[in-house]
Amino acid sequence: MAPGLNLNDPLASKKKRRPIRDFFLGFDSAVDDAVFRLNASLSRFWDSFTVFMDRFHIRGWRRGAVELVSDGATFLVLGGLVMCAFARPAFDLTKVVDWRSAQEFAVIFYDRAGQEIGRRGVLQSDAVPLDEIPENLIKATLATEDRRFYEHWGIDVAGTLRALLENVRAAGVVQGGSSLTQQLAKNMFLSNERSLERKIREAFLSIWLEANLTKAEILKLYLDRAYMGGGAFGVDAAARFYFGKSVRDVTLAEAAMLAGLYKAPSKFAPHVNLPAARARAATVLSNLVEAGLMTEGQVFDARRSPATPISRRDDESPDYFLDHAFEEVKELMAARPGRVLSVRTTIDMALQRKAEASIESALRQLGTQFNASQGALVSMELDGAIRAMVGGRDYGASQFNRATSAERQTGSAFKPFVYAAAFMRGYTPRTVMADAPISIGNWSPQNYGRSFAGPVTLTTALVRSINTIPVRLSVAIGRQTIIDLAHAMGVESELRPTWALPLGVEGITVLDMATSYAVFPAGGREVPAHTILEVRNGAGELVYSRIRDAEAPKQVLPPQVAADMNGILAQVVDWGTGQRAQLDGLRTAGKTGTTQDYRDAWFAGYSGNFSTTVWFGNDDYSPMNRMTGGSLPAMAWADFMRYAHDTVDSKPIFGLQDQPLPRRNQRPSLTANDPDADELPIARSALMTRRTVEALQRIETRLVGRPATPDAPRRVSQAP
């Protein structure tokens, strides 16, 4: 130990720790001093700033105005930021290198025999130059659509406010507020969706167009791309469609009628409603005078002698088919070079004309009695080649394709998917199940005649369209199993796994029904529906061939299941609900479908050559007058299919090659009060005691046993 060091002296240890204590005390003092100096500096700055701002102090009414402007500027900046966020996705569309034509195709369509049947798309390079478009048409367009076109920068604020005031004054929409540039932005980059988000994107894109194009280029693009009705895009195509001439040769009266189409082409198309088209043309002539572009004397002759379109009654262009084929071309060629194309399609124009005649004839004869206004039909061969497509009664009146876009409930026509899925899980056509009351929660499905047949085979259940049996099957095998099979067979519509799914409550298109039903006669192979056989570019080079480039179809049903389904669905036509679909000397099969309150009526059927589906209903979903799938749809189906087989070698249905043609029933004439229903009444007692119901349920439990699984097929009793 060092001399003089006292380890017990407390002062010695305190002296040893003093540097640490002094460090923290110094740090605390420095922080306090810094905070004090900063506070003093801020106080002096604030005092100076206050003295400086006092020079600008405003009192009285001027202060309110300044506050209003200040708040307005703040909200304007915030609103601008929000609008930019909404508009940002739209600008991604402008990043395409050749955005003027990257999404545009010019397509000439030919039928399966090589005859031209129509055109679709915009051909930018061959369009009529702006200086060759009549001045009268340009003036009529500007006077009607955008009088301040050469004054605004994409958004006509004054015009929008004026239109808003006129609409408020008229208590309705009488004027549009979109500028011509905004309409072009919508046509080129956006959809017709009515939403605030779309309007914001449209506004920003119109400013972008004004910054990247001249006024002449914007006007030229608008005249080339505006939809003019009748499947025509652009003023030159519209002039040829309505007047049979180039746009270079249109008169003032014809120019006024064309300019009147921009607002509502389906409403003012002259081949659909000539009086409305002429009234609209008169409004365009008045706009020319009001805008100061012409005098009353200059438009007098056009008022006295309005334009007369050429007759389109003999026009055989299959427009619904062409619209669908055009969409298929755009999807098919999106990643391939070339935008000027010649396409050979699958359509057979003789069958197309007959399909249109069958639907129209049925509606003309009995549409009023049945309160049915629309119909649709799709017919294809068993390789998926669409031979005929009817999307509605009149394409000029409505371009909505009910064959490809309308998802309507199918009723009992959906049941074959349930039975096919059950057969894949071990059931057979001779499996016996009990037709007895069943309740799932608060839902108790009923048969058409409010009666029950007791134990029946699955063949009888499907032919008679019993409702309780497919519901029981869906419980046993699972609704998702049914959905997966329907999608594999060709149904592209979304199907929800609801309890009522087996009874056809989900919406499916006519095209999907024809496609999926074709799997049965095709021996269980998938049948990809298609309209395109060959595509050639502008140089005539083959860029796509269905035979060369299409993938081989997959097997989606075991052949035995397909044969079993064909045997049952043939009996639907022989003695079931589809007897009006019988054809002399030819075996056919199919299924009827009728939805709740008779809103939809279907017949989906096939032969060994064609799969055809027919639908009747109303666009507004209003009920029909007791029309069932076994009535008018089956009759129209038979009328078309009878003609379709006149010029082909009839083939037997898969699995029914050795079965003789049964004796056909003679069906009575059809009226609106026809008693034939989608589900045949069961020839059993309409009343069952509680003990009978309980006994049937016990019998079903013993017959069915445990639920079947893919690895352990259900053991069931079969009819002898």
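Everything discussed here concerns the structure shown above.
Residues numbered from 1 in each chain as written. Predicted model: local features only at pLDDT ≥ 70, side-chain atom pairs only at ≥ 80, totals over all residues. Heavy atoms only, no water.

Colleague: Let's hear about the sheet that holds strand β1 (residues 106–110): which residues, and what values?
Modeller: As summarised here, the arrangement of the 5 strands in space is β2-β1-β3-β10-β11, forming an open sheet in which the pairing is mixed. With one partner strand each, in any of the chains shown, β2 (116–121) and β11 (542–545) form the two edges of the open sheet. With direction set aside, neighbouring strand axes in the sheet form an average angle of 20 degrees. As paired elements, β1 and β2 share 5 bridges and run antiparallel to each other. Paired with I108 across the two strands is R119, which belongs to β2. Across the sheet, helix α13 (residues 319–332) is in contact with β1, β2, β3 (340–345), β10 (532–536) and β11; its angle to β2 comes to roughly 55 degrees. (Pairing = 2+ DSSP bridges. Helix = DSSP H or I, 4+ residues; strand = E, 2+ residues; numbered from the N terminus. Axes fitted to C-alpha atoms, helices over the stretch in contact; angles between N-to-C directions. Contact = heavy atoms within 4.5 Å.)

Colleague: How would you explain the sheet that holds strand β5 (residues 386–390) if you had to name every residue and give the values?
Modeller: Pairing within the open sheet is antiparallel, and its 5 strands lie in the order β5-β4-β14-β13-β12. The open sheet has two edge strands, β5 and β12 (589–594), and neither has a second partner. Strand-to-strand, the axes of this sheet are offset by a mean angle of 5 degrees, without reference to chain direction. In this sheet, β5 lies alongside strand β4 (residues 374–381) in antiparallel orientation, the contact comprising 4 bridges. Across the sheet, the residue bridging to L377 is V390, located in β5. Taken strand by strand, helix α14 (residues 349–370) contacts β4, β5 and β14 (610–617), and its axis lies near 30 degrees from that of β5. Docked against the sheet, helix α21 (residues 559–574) engages β12 and β13 (600–606), running at close to 65 degrees with respect to β12.

Colleague: Can you explain the pairing of β13? Please cite residues and give values.
Modeller: When you tally the buried positions in β13, you get 7 out of 7 residues, the bulk of the element. Alternating residues of β13 divide into D600, W602, A604 and Y606 and A601, F603 and G605, and every residue in both groups is buried. Pairing analysis gives 6 bridges linking β12 to β13, with the strands arranged antiparallel. Among the inter-strand pairings, K591 is bridged to a residue of β13, identified as A604. Between β12 and β13, which pair antiparallel one after the other, the connecting turn spans 5 residues, and D597 there sits at a positive phi close to 60 degrees. (Buried < 20%, exposed > 50% of the residue type's maximum accessible area, 1.4 Å probe, protein only.)

Colleague: Explain α21 to me, using residue names and the numbers behind them.
Modeller: Its 16 residues place the ends of α21 22 Å apart at the C-alpha level, agreeing with the 22 Å of an ideal helix rising 1.5 Å per residue. Judged by how many residues are buried, α21 sits mostly within the fold: 13 of 16 residues are covered. (Expected span 1.5 Å × (residues − 1).)

Colleague: Break down the packing of helix α9 (residues 252–259) against helix α11 (residues 274–290) for me, citing the residues and quoting the values.
Modeller: At their nearest, the axes of α9 and α11 sit 8 Å apart, and the two run at 105 degrees to each other. Relative to α11, the element α9 lies roughly perpendicular. Here L252, A256, M257 and A259 of α9 come into contact with α11, specifically with L274, A277, R278, A281, V284, L285 and L288. For the contact of α9 with α11, the per-class residue count stands at 10 nonpolar, no polar and 1 charged. (Parallel < 35°, antiparallel > 145°, perpendicular 65-115°, else oblique. Nonpolar A, V, L, I, M, F, W, Y, C, P; charged D, E, K, R; others polar.)

Colleague: Lay out a nonpolar patch on the surface with the relevant residues and their values.
Modeller: Where nonpolar side chains cluster on the molecular surface, the patch consists of I20, F23, F24, F27, V31 and V35 and spans about 650 Å² of accessible area. With respect to the helices and strands, F23 occurs in helix α1 (residues 10–53). Judged by its relative accessible area of 56%, F23 falls in the exposed class. (Patch = residues over 30% accessible without salt bridge, like charges linked within 9 Å, V, L, I, M, F, W, Y side chains within 5 Å. Areas by Shrake-Rupley, 256 points an atom, 1.4 Å probe, with all protein chains shown as cover. Salt bridge = Lys/Arg side-chain N within 4 Å of Asp/Glu carboxyl O.)

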